[in-house]
Amino acid sequence: MPGALWVPFDASWYLAAYPEAAHRIGEDGLAGAAEHYALYGEADGLSPNRFFDERFYRGRYPDIERDVLRRQWRSGFAHYCAGGWHDNDPHWLFSNRVYRERLGATLTRHALERGGYVNAYDHYLGEPEREGVSGSLFFDPQWCRHIARAHPGHFPVGLSLYAAYLALPRHVADALPVSPYFDPVWYLARYPEVGAAIGAGHFASALHHYLTNDTPRLYDPQAWFSEIHYAQANADVVPAIDSGAFRNGYDHFLRFGAFEGRSPHPDVALAAYAARSEVQADVAHGLTRDPYTRYLADIARLGGHPTELPPIDEHHAKQVYLRRAEALLPVLARQGLDFTCHETPSVSVIMVLFNQIALTMTTLASLRANFAGPIDLVLVDSGSHDTTGSIERYVRGARVLRFRHNIGYLDGCNAALADARADAVLYLNNDVTLRPGAVAAALNRLEADRAIGAVGAKIVRTNAELQEAGSIIWRDGTTYGYLRNDNPNDPQANFVRDVDYCSAAFLMVRTPLVRACGGFDPLFRPAYFEDTDLCIRILEAGYRIVYDPTVMIEHLEFGSGDAGASLKQMLANHRKLVRRHVDFLRYQQPSHHLNKVAARGRRGDRRRVLFIDDYVPLRQQGSGYVRSNDIVQTMARLGYEVTVFPIMARHIDSVSLFENFPETVEIIADQGIADLSRFLAERAGYYDAVWVGRTHNLARMLPILGEANRYLPARGLVLDTEVVATPRAFAWSQVTGRAPPEGTFEEALREEFLCAYHAQRIVAVTPGDAALIRIAGHDDVAVLGHMLTPQPSPAPFAARHGLLFVGAIHETGSPNHDSLEWFVAEVLPRLEAHLPADARVTIAGYVRPGIDLGALGENRRVDIVGPVRDLSALYNRHRVFIAPTRFAGGLPYKVHEAAAHGLPIVATGLLGEQLGWQDGRDLLCPPGLEAEAFASAIMRVYHDEALWTGLRDAALARVRHDCDADSFSSALDAILQGATT
């Protein structure tokens, strides 16, 4: 292949690599190294240059080795030059897959031709580590630069780092690690036989041995990965390794396990390390590829394993808080704070003060910065003898009630309540810092429902641990701040729920309600348990008390009083609470740590659902996850308390969670199937229904569910099949020519749904799927399709150009992946002469890391844009939506979505049948899988505005009928009602 940098024969390298060649040249009187290669070297399996490894190539591709032996090719290099360069890997230190993954959609055929490159390897050699992008996980340009600076004499001048490394003498290469993933010094010490094999000329270096030896599962790459441990700790991946999908456990780990937090070694707690916020941030911002890479860097930096960060000493944290308040006091006193209120106040804030002027001013500054609206500030000076006595000098607009002696918190609050002018009262300690938006969020929550009587905050102590995420009143009258001492970002602390009570460190209540209750009961004078008592009376009056995690404060616990005296007063007032509320307490949960989940929320008449799926169903993942997300959101709107539990745990940033789910949904994003048994035991009897998404998940969980059956609702297990896989499997075999599933279609169908006998309700996505499930022997089947509201894109026909495909690709060879390969290879060439020059094919949607779409991007007309947060612009810009699916099951959401955006669709007959839509009226779906017919259908609608408009209007009408939100909600509610009654 002329022009490619991997083509030229390198005589000097050849003679250095094969010293025996020089002897043969002299002995036979050959003209030079090139003649030796042509006469002998090529046939003997020698390489023409450092960039192509003949022995690796033949070993990697046995069919090519066979053809060389049959003399159909002179060598592997000849095959590579003749066309193998399209897809094959030429060297053990370069992977097309890795290079394309790292460059993504930018490495298209159009981009290569524009740069004058033949293929990805030519691009890599011609752009030597310009952006630090490598073609192998085992060769990191950043590491190499560091090594080159530390050992300047080792790397030849004038060569790229990659070329220089390949030119290093063996003893030098084996002393220099060129990536964090392989340690050649450790490797040779661990496996002395490798050194002998290298010395015998069988391998060029330790790294060469590791990447090319015939028994890869017998060798560990460095000290902190163990093949034996990985197989034992991750039994689920062993079948994939056995099948040849991965070279060894380390191959799987680097591609997937390192991102999933799987354990690589008995002494490496990677999951806990990966959960650290700083680690997550570095991975998210691309500062490190994965948590394991960062872990190895920490080992090198620290000289040992990174340890868990020690907890913050609360005594010291409190001292810092106090000193910060004292440091701010002069600034705040000099500048002053203005609470002047000339209009109807949004909230009356009541604060009782006894000395502590620095804390008070810090809290008031935080309050003023937190809420810009009108505040009616009522301060009660309860006999202070510090500068609090002249606080009016620093705080304008506050109404100050003064008492000559310390009347206590309770009486001070009641005195201020009489003067409150707003419809909402906020009881606020003077030792807190309000976090952004706290007051507005509490007001919005209070105004959202007239049945809400009070709103409380997530309270974080000065040591960054929770004081409470809502509070529990136990049967014995003691109280517990839910998740005290835990991480404020714990998923269980971050969803809205009704609670027994919230601390009056921040408690917003309706003014008429708290006045009707008489404020705090003087029985609890001077303080403690007065807020508990008030909340009980609010509940008994028929109102809700809501914990809202978006209302967040930092609290200097016991900062405004003496801790010892406080505890003594607590004990006395606890006895009073028990005597006062005997009837209320008898129905509370007993005081035990195993009851905290059941006790953390007021039960009421709301039913609880545990929703289980492969992953936390984020909408941007596409596929069936959009429908799963709609189900969760609709459950929440219907009033169900929903917990989402993923089979596969993975880090999800909090922003994505907030964007994807209602605030009342609990997301257990940091756990997975390994935690499920313990999770169910901890929540015994908690759920009224368990909703399992996807049949394979139920099959996988059966052993766990069988053991935990006593913890689950007796008749509330719902299997949401999402798709019937058997038809797809048989269609796949027909399309690809592979062997079909064993047995008849009906036998395979029954095999697929063997696990369904454990469910009391089964849900199908289409009537056709429901009929198949009944054939498998299950009669109680409900149908729940998609939910979409038409939002037709406004651009007219003439302003639109090109074709659009939207779909997630989670696996190589999946329906979406197969459909794109077929379309680009078979259909697109038939369109070339008929499409305008500016017409492009845009491919959008989630692509799981590790999947190579580079071959699709080699077509000049194809643009791969990956996941797009808002698809509206794409739907508005393109003229035709394509769905060239050759095998699939279920219901194609992507077609419904495209129709909802007013984009006419050309789909295969398979999808038309699944939808029940009519060809020529609702969409174009030529029968069969003829590329010519599919291309012809595209041309018809692409050039015929009347047809385009008719298809658009008809499809919009079908979406309004088939995907109606009210119908979806009613169907889901009926399923859940049947499961929970």
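These numbers come from a predicted model, not from an experiment. (Residues numbered from 1 in each chain as written. Predicted model: local features only at pLDDT ≥ 70, side-chain atom pairs only at ≥ 80, totals over all residues. Heavy atoms only, no water.)

Undergrad: Can you explain the overall build of the chain? Please cite residues and give values.
TA: If you tally the helices and strands in the chain, you get 45 helices and 26 strands. Judged by the C-alpha coordinates and their principal axes, the chain covers about 115 × 70 × 55 Å. Considering the chain as a whole, with its 981 residues, one finds that 56% of them fall into the buried category. Within the chain, contacts between residues separated by at least 24 positions form 71% of all contacts whose residues are at least 6 apart in sequence. (Helix = DSSP H or I, 4+ residues; strand = E, 2+ residues; numbered from the N terminus. Buried < 20%, exposed > 50% of the residue type's maximum accessible area, 1.4 Å probe, protein only. Contact = heavy atoms within 4.5 Å.)

Undergrad: Quick rundown of the sheet that holds strand E16 (residues 641-646)? Include the residues and the values.
TA: With parallel pairing, seven strands are arranged side by side in an open sheet as E17-E16-E15-E18-E19-E20-E21. Edge strands, defined here as strands with exactly one partner in the open sheet, are strand E17 (666-667) and strand E21 (781-783). The strands touched by helix H33 (residues 673-682) are strand E15 (608-613) and E16; relative to E16, the strand with the most contacts, the crossing angle is about 145°. Lying over the sheet, helix H45 (residues 965-980) contacts E15, strand E18 (689-693), strand E19 (717-720), strand E20 (761-764) and E21, oriented at roughly 130° with respect to E18. (Pairing = 2+ DSSP bridges. Axes fitted to C-alpha atoms, helices over the stretch in contact; angles between N-to-C directions.)

Undergrad: An account of the packing of helix H31 (residues 625-637) against H45 is needed here, citing residue identities and associated values.
TA: In a packed pair of helices, the relevant descriptors are the angle between the two axes and the axis-to-axis distance. Where H31 contacts H45, the two axes come as close as 10 Å, and the packing angle between them is 75°. Between H31 and H45, the angle falls in the class roughly perpendicular. Along its contact with H31, which presents Asp-630, Ile-631, Thr-634 and Met-635, the element H45 presents Phe-968, Ser-969, Leu-972 and Leu-976. Grouping the constituent residues of the contact of H31 with H45 by class yields five nonpolar, two polar and one charged. (Parallel < 35°, antiparallel > 145°, perpendicular 65-115°, else oblique. Nonpolar A, V, L, I, M, F, W, Y, C, P; charged D, E, K, R; others polar.)

Undergrad: Which residues make up the packing of aromatic side chains, and what are the values?
TA: What the rule picks out here adds up to 50 aromatic pairs. Ring geometry for Phe-730 against Phe-745: centres 5.4 Å apart, planes inclined by 55°, an arrangement best described as tilted. In this pair, Phe-730 is assigned in helix H35 (residues 725-736) and Phe-745 in helix H36 (residues 745-752), connecting sequence segments 15 residues apart. Taking relative accessible area as the criterion, Phe-730 reaches 16% and is therefore assigned buried. (Phe/Tyr/Trp six-rings, centres within 6.5 Å; stacked < 30°, edge-to-face > 60°.)

Undergrad: Give a detailed account of unusual backbone geometry, specifying residues and quantitative values.
TA: Put simply, Arg-525 and Pro-526 share a cis peptide bond, and its omega is 5°. Here Pro-526 lies in the loop between helix H26 (511-516) and helix H27 (530-540). A positive phi is found at Arg-71, a non-glycine position, where the angle reads about 65°. Tracing the backbone shows Arg-71 in the loop between helix H5 (62-69) and helix H6 (76-82). One non-glycine residue, Tyr-528, lies in positive phi territory at about 85°.

Undergrad: An account of the sheet that holds strand E26 (residues 905-907) is needed here, citing residue identities and associated values.
TA: Hydrogen bonds along the backbone pair up the strands of a sheet, which may run parallel or antiparallel. One open sheet holds the five strands; their spatial order is E24-E23-E22-E25-E26, and the pairing between them is parallel. Of all the strands in the sheet, just strand E24 (862-866) and E26 have a single pairing partner and so form its edges. Averaged over all adjacent pairs, the angle separating strand axes in this sheet is 25°, with direction ignored. In terms of strand pairing, strand E25 (residues 880-883) meets E26 through three bridges, oriented parallel. Directly across from Ile-882, in E26, lies its bridge partner Val-906. Sitting on the sheet, helix H38 (residues 815-831) is in contact with strand E22 (803-806), strand E23 (841-844), E24 and E25, with an inclination near 170° to E22. Sheet contacts for helix H43 (residues 931-943): E22, E25 and E26; angle to E26, the most-contacted strand, approximately 170°.

Undergrad: Describe the pattern of salt bridges, and please don't skip the residues or the numbers.
TA: Applying the stated rule across the entire model yields 57 salt bridges. Note that Glu-641 and Arg-606 form a salt bridge whose closest N and O atoms lie 3.3 Å from each other. One end of the pair, Glu-641, is in strand E16; the other, Arg-606, is in the loop between helix H30 (596-599) and E15, and 35 residues separate them in sequence. The class of Glu-641 is buried, set by a relative accessible area of 18%. For Arg-606, a relative accessible area of 30% corresponds to the partly exposed category. Taken together, the shared-partner salt bridges connect Glu-314, Arg-461, Glu-465, Arg-484 and Glu-557 into one network. (Salt bridge = Lys/Arg side-chain N within 4 Å of Asp/Glu carboxyl O.)

Undergrad: Outline the side chain of Thr-908, listing residues and values.
TA: By the secondary structure assignment, Thr-908 is in the loop between E26 and helix H42 (909-915). Residues in contact with Thr-908, not counting those within four places in the same chain, are Ala-883, Pro-884, Thr-885, Cys-925, Pro-926, Leu-929 and Phe-934.

Undergrad: Give a detailed account of the pairing of E15, specifying residues and quantitative values.
TA: Here E15 lies mainly inside the structure; six of its six residues are buried. The two faces of E15 match: Arg-608, Leu-610 and Ile-612 on one face and Val-609, Phe-611 and Asp-613 on the other face are all buried. Judged from the six bridges that link them, E15 and E16 form a sheet pairing that is parallel. Bridging across to E16, Phe-611 finds its partner in Val-644. The parallel pair E15 and E16 is bridged by H31, and the resulting crossover is right-handed. Pairing analysis gives four bridges linking E15 to E18, with the strands arranged parallel. Among the inter-strand pairings, Phe-611 is bridged to a residue of E18, identified as Trp-691. (Right-handed = clockwise from strand over helix to strand, strands pointing away.)

Undergrad: Provide a residue-level description of helix H23 (residues 357-370), including the pertinent values.
TA: The first and last C-alpha atoms of H23 sit 20 Å apart over 14 residues, in line with the 20 Å expected at 1.5 Å per residue. When you tally the buried positions in H23, you get 13 out of 14 residues, the bulk of the element. (Expected span 1.5 Å × (residues − 1).)

Undergrad: Could you give an account of the packing of H35 against H36, with specific residues and numbers?
TA: Packing of H35 against H36 leaves a shortest axis separation of 9 Å and a crossing angle of 135°. One element, H35, and the other, H36, form an angle in the oblique class. By crossing handedness, the relation of H35 to H36 is classed as right-handed. On the side of H35, the interface is formed by Ala-725, Thr-726, Pro-727 and Phe-730, while H36 contributes Phe-745, Ala-748, Leu-749 and Glu-752. In terms of residue class, the contact of H35 with H36 is built from six nonpolar, one polar and one charged. (Left-handed = near helix turned anticlockwise from the far one by under 90°.)

Undergrad: With reference to specific residues and values, describe the state of the cysteines.
TA: In the structure shown here, the tally under the stated rule is zero disulfides. Cysteine Cys-925 remains unbridged, with the sulfur of Cys-963 as its closest cysteine sulfur at 16 Å. Exposure remark for Cys-925: the relative accessible area of 8% places this residue in the buried category. (Disulfide = S-S within 2.5 Å.)

Undergrad: Break down the nonpolar core for me, citing the residues and quoting the values.
TA: Note that soluble globular proteins tend to have their nonpolar side chains buried in a common cluster. The biggest cluster of nonpolar side chains holds 84 residues, and the ones touching the most others in it are Tyr-427 and Leu-680. Core analysis: the next-biggest nonpolar cluster, separate from the first, contains 77 residues, Tyr-57, Ile-147, Phe-225 and Ile-241 among them. (Core = buried A, V, L, I, M, F, W, Y, C linked by side-chain atoms within 4.5 Å.)

Undergrad: Let's hear about the pairing of E24: which residues, and what values?
TA: Residues Val-862, Ile-864 and Gly-866 line the buried face of E24, whereas the alternating positions Asp-863 and Val-865 sit on a face that is not buried. Note that E23 and E24 share four bridges and pair parallel. Its bridge partner lying in E24, Val-841 is registered against Val-862.

Undergrad: Pulling in residues and values, what's your account of helix H10 (residues 141-150)?
TA: Those residues of H10 lying buried are Pro-141, Cys-144 and Ile-147. On an axial view of H10, the arc spanned by its buried residues comes to 115°, and they lie on one face. Facing away from the buried surface of H10 by more than 90 degrees, the exposed residues are His-146 and Arg-149. Summarising the contacts, the buried residues of H10 are in contact with helix H11 (161-166). Between a side-chain oxygen at the N-terminus of H10 and the backbone nitrogen of Gln-142 the separation is 2.8 Å; the capping residue is Asp-140. (Arc of directions from axis to C-beta. Polar contact = N/O pair within 3.5 Å; in protein donor to acceptor, adjacent residues only side chain to side chain.)

Undergrad: With reference to specific residues and values, describe the environment of Leu-871.
TA: Note on placement: Leu-871 falls in the loop between E24 and helix H40 (872-877). For Leu-871, a relative accessible area of 14% gives the class buried. Each C-alpha atom of the pair Leu-871 and Glu-540 lies 49 Å from the other, and the pair is 331 residues apart in sequence. Other than its neighbours up to four places away in sequence, Leu-871 contacts Val-806, Ala-844 and Glu-897.

Undergrad: I'd like a rundown of the environment of Gly-244, residues and numbers included.
TA: For Gly-244, the location among the structural elements is in the loop between helix H17 (238-242) and helix H18 (249-260). On a C-alpha basis, the gap between Gly-244 and Leu-705 in space is 31 Å, while along the polypeptide they are 461 residues apart.

Undergrad: So what about the environment of Leu-929? Which residues, and what values?
TA: Position of Leu-929 relative to the elements: it lies in the loop between H42 and H43. Judged by its relative accessible area of 35%, Leu-929 falls in the partly exposed class. The spacing of Leu-929 and Asn-213 is 716 residues in sequence and 43 Å in space, taken between C-alpha atoms. Not counting chain neighbours up to four residues away, the residues in contact with Leu-929 comprise Val-735, Trp-822, Thr-885, Arg-886 and Thr-908.

Undergrad: Before we move on, can you summarise the side chain of Asp-613 with the specific residues and values?
TA: Checked against the element boundaries, Asp-613 lands in strand E15. Residue Asp-613 is classed as buried on the basis of its relative accessible area of 1%. Engagement of the side chain of Asp-613 in a polar contact is seen with the side chain of Arg-694, the distance being 2.8 Å. If we skip the residues at most four places from it in the chain, Asp-613 touches Tyr-625, Ser-628, Phe-645, Pro-646, Ile-647, Gly-693, Arg-694 and Asn-697.

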